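Per-entry structural report
Single-letter residue listing:
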Amino acid sequence: MLQGKVILDLTWVLGGPFAGQLLAQLGAEVIKVEPVSGDYARSVPPVSETQDSPFFLSVNRGKRSVALDLKHPLGRQAFQDLVREADAVIYGFASDVPARLGLDHATLAAINPRIVVGQLIGLDDRGPYAGAPAFDLMLQAMSGLMSITGEGGGKPVRVGYQVADLAGGLYLALGVAAGLAQAQASGAGEAVQVSLFDAQMAMLTWQAQGYLQGGPVPRAAGARHGMIAPSDIYRSSDGRWIALAPTGDAFWQALCAAIGLPGLAEDPRYATPAARVANVDTLTEALSGAIGARSAQEWLDIFEARRVPAALVLGVDEALAHPLAASRGMVEAVARPGDGEPVRMLGNPFKFAGQPRLDYPPALGQDTA
């Protein structure tokens, strides 16, 4: 995949480092270039003498660390020496910083014409928003995401993890990978810019497109899908929540048979996908009553036997302990440097021949020399 490619990662905190870790998971050698004070994420609690920051550990596996003062001539010279041998540079500075520090694509391309530069910005690099702060919660609010998250008519709710930062990192990694492919084919690098705002707008997909084509303004509807019914969560007799998504007539009919209400499939109010969406409130009432009559495990056994698309709503602890997480290698034990203590960490979502197994995140400046 990206074996043999060298990425200089000047990003910090979450979205940019996530992009760097994705590139490392694809096989690249990622060198984290930090200020001498280190990435701020290293100090995000909880941190102790025996525990590094989970925040930092989560997005910096498999990297090397070089500590440089890019405002100092010697630090800048050392960085330029790295650029000569690198394939890409990624950073998330404010829009006016790259040119001031000599990190813009034009300057770096004069040193290495095949260099790819990936820049992650918050909102815009021009106009009134160029210098504006842009944190994840702000992006979720500004992009419309919070307005479609949570229960209908309730208080806007943020997505449970920092989706704006992480989605920006995904787009940045994808853009850099495309730039590397172009550089390999043509010998010329590329500048790739990703705005966290743009990334969140792009992920609105069908909700935005429906509105742009004259549809209603999308609103929050809890777990319910806006265009498919039934597609929601229902409470079982033991208080657990079950997600049901019987999309398509075959799965819909299988669900009706499984819950002992085969007549629902023939009821004119629910006989077609459009009818089910139009009558979703009464449909939800009928399904809620049925699901509430048995325990979650009873329903899961029934649904599995009849191939009804259903899943138990799990806590993070339950998801990490799920057999699939082990089967897919999504929880790994990684030796901590120094004492060799195994630390459980998330695995590599990319599966390919020769995929790397990433080491514990680096200590600050451990590879500077």
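Residues numbered from 1 in each chain as written. Predicted model: local features only at pLDDT ≥ 70, side-chain atom pairs only at ≥ 80, totals over all residues. Heavy atoms only, no water.

This part covers the overall build of the protein. The helix and strand tally for the protein stands at 16 helices and eleven strands. Once the C-alpha set of the protein is aligned to its principal axes, its extents read approximately 75 × 55 × 40 Å. Buried positions account for 41% of the 369 residues belonging to the protein. Across the protein, contacts joining residues at least 24 apart in sequence account for 67% of those joining residues at least 6 apart. Only carbon and sulfur atoms are counted for the fraction: they give 58% of the accessible area of the protein, which is about 19100 Å². Charge-centre separation for the protein: the mean point of 28 positive side chains lies 1 Å from the mean point of 36 negative side chains. (Helix = DSSP H or I, 4+ residues; strand = E, 2+ residues; numbered from the N terminus. Buried < 20%, exposed > 50% of the residue type's maximum accessible area, 1.4 Å probe, protein only. Contact = heavy atoms within 4.5 Å. Areas by Shrake-Rupley, 256 points an atom, 1.4 Å probe, with all protein chains shown as cover. Lys, Arg positive; Asp, Glu negative; His and termini not counted. Charge placed at Lys NZ, Arg CZ, Asp CG, Glu CD.)

Per the counting criterion, the structure on display carries 18 salt bridges. The partner of Arg126 in a salt bridge is Asp125, with the nearest N and O atoms 3.4 Å apart. If you follow the salt bridges from partner to partner, you end up with Glu29, Arg64 and Asp367 in one network. (Salt bridge = Lys/Arg side-chain N within 4 Å of Asp/Glu carboxyl O.)

Note on soluble globular proteins: their nonpolar side chains tend to be buried together. Counting residues in each nonpolar core, the largest one holds 30 residues, and the members touching the most others are Ile7, Leu23, Leu172, Val176 and Leu180. Contributing elements (two or more residues each) for this core: helix 1 (15–25), strand 4 (88–91), strand 5 (116–121) and helix 7 (163–186). The element best represented in this core is helix 7, accounting for seven residues. Residues contacting Leu172, with those up to four places away along its chain left out, are Ala19, Ile90, Gly118, Gln119, Leu120 and Val194. Judged by nonpolar contacts, the second largest core, of 22 residues, contains Tyr234, Ala254, Val280 and Ala290. (Core = buried A, V, L, I, M, F, W, Y, C linked by side-chain atoms within 4.5 Å.)

Two elements in contact, helix 1 and helix 7, have axes whose closest approach is 7 Å; the angle formed by their N-to-C orientations is 45°. Here helix 1 is positioned oblique relative to helix 7, judged by the angle of their axes. Helix-helix and strand crossings are classified by hand; for helix 1 and helix 7 the assignment is right-handed. Where helix 1 approaches helix 7, its residues Gly15, Phe18, Ala19, Leu22 and Leu23 are matched on the opposing element by Asp165, Leu166, Gly169, Leu170, Leu172, Ala173 and Val176. Across the contact of helix 1 with helix 7, the residue classes break down as nine nonpolar, two polar and one charged. (Axes fitted to C-alpha atoms, helices over the stretch in contact; angles between N-to-C directions. Parallel < 35°, antiparallel > 145°, perpendicular 65-115°, else oblique. Left-handed = near helix turned anticlockwise from the far one by under 90°. Nonpolar A, V, L, I, M, F, W, Y, C, P; charged D, E, K, R; others polar.)

This part takes up the packing of aromatic side chains. One pass over the structure, following the stated rule, counts two aromatic pairs. Relative to Phe93, the ring of Tyr91 lies with its centre 5.5 Å away and its plane at 35°, an arrangement referred to as tilted. Exposure remark for Tyr91: the relative accessible area of 3% places this residue in the buried category. Consider the rings of Trp299 and Phe303, whose centres lie 5.3 Å apart with planes at 15°: the pair is stacked. You can see Trp299 and its partner Phe303 sitting in helix 14 (residues 296–305), four residues apart, about one turn around the helix. There is no split in this pair, since Trp299 and Phe303 are both buried. Positioned above the aromatic ring of Trp299, the side-chain terminus of Arg294 is 5.5 Å from the ring centre. (Phe/Tyr/Trp six-rings, centres within 6.5 Å; stacked < 30°, edge-to-face > 60°. Lys NZ or Arg CZ within 6 Å of the ring centre and 35° of its normal.)

Strand order in the open sheet formed by three strands is 7-8-9, and the pairing between neighbours is antiparallel. Since the sheet does not close on itself, it has two edges, and those belong to strand 7 (232–235) and strand 9 (310–312), each with one partner. With strand direction ignored, the average angle separating the axes of adjacent strands in the sheet is 30°. Lying over the sheet, helix 13 (residues 280–291) contacts strand 7 and strand 8 (241–244), oriented at roughly 40° with respect to strand 7. (Pairing = 2+ DSSP bridges.)

On to the sheet that holds strand 3 (residues 64–67). To summarise the sheet geometry, strands pair through backbone hydrogen bonds and adopt either a parallel or an antiparallel arrangement. Strand order in the open sheet made by the six strands is 3-2-1-4-5-6, with parallel pairing throughout. Of all the strands in the sheet, the pair left with one neighbour each is strand 3 and strand 6 (191–195). Across the sheet, the axes of successive neighbouring strands diverge by a mean angle of 20°, strand direction being ignored. The sheet contact formed by strand 4 and strand 5 spans four bridges and is parallel. By the bridge assignment for strand 5, Ile90 is matched with Gly118. Its contacts with the sheet put helix 7 on strand 1 (6–9), strand 4, strand 5 and strand 6, and the angle it makes with strand 5 is roughly 165°.

All right, on to the side chain of Lys5 then. Checked against the element boundaries, Lys5 lands in the segment before strand 1. At 3.1 Å, the side chain of Lys5 forms a polar contact with the side chain of Gln184. The contacts of Lys5, once residues within four sequence positions are left out, are Ala28, Glu29, Asp87, Leu180 and Gln184. (Polar contact = N/O pair within 3.5 Å; in protein donor to acceptor, adjacent residues only side chain to side chain.)

Across the two faces of strand 11 (residues 342–346) the burial differs, with Val343 and Met345 buried and Pro342, Arg344 and Leu346 not buried at all. Bridge analysis of strand 10 (residues 331–335) against strand 11 gives five bridges, and the strand direction is antiparallel. Bridged to Ala333 within strand 11 is Arg344. Between strand 10 and the antiparallel strand that follows it, strand 11, lie six residues; Gly338 among them carries a positive phi value of about 100°.

Let us look at helix 14. Within helix 14, the full set of buried residues consists of Ala296, Trp299, Leu300 and Phe303. The arc enclosing the buried residues of helix 14, seen along the axis, measures out at 100°, which places them on a common side. Next to the buried residues of helix 14 lie strand 8, helix 10 (249–258), helix 13 and strand 9. Arg307, located one to two residues past helix 14, shows a positive phi value of around 55°. (Arc of directions from axis to C-beta.)

Function cannot be inferred from these measures alone, as they are strictly geometric.
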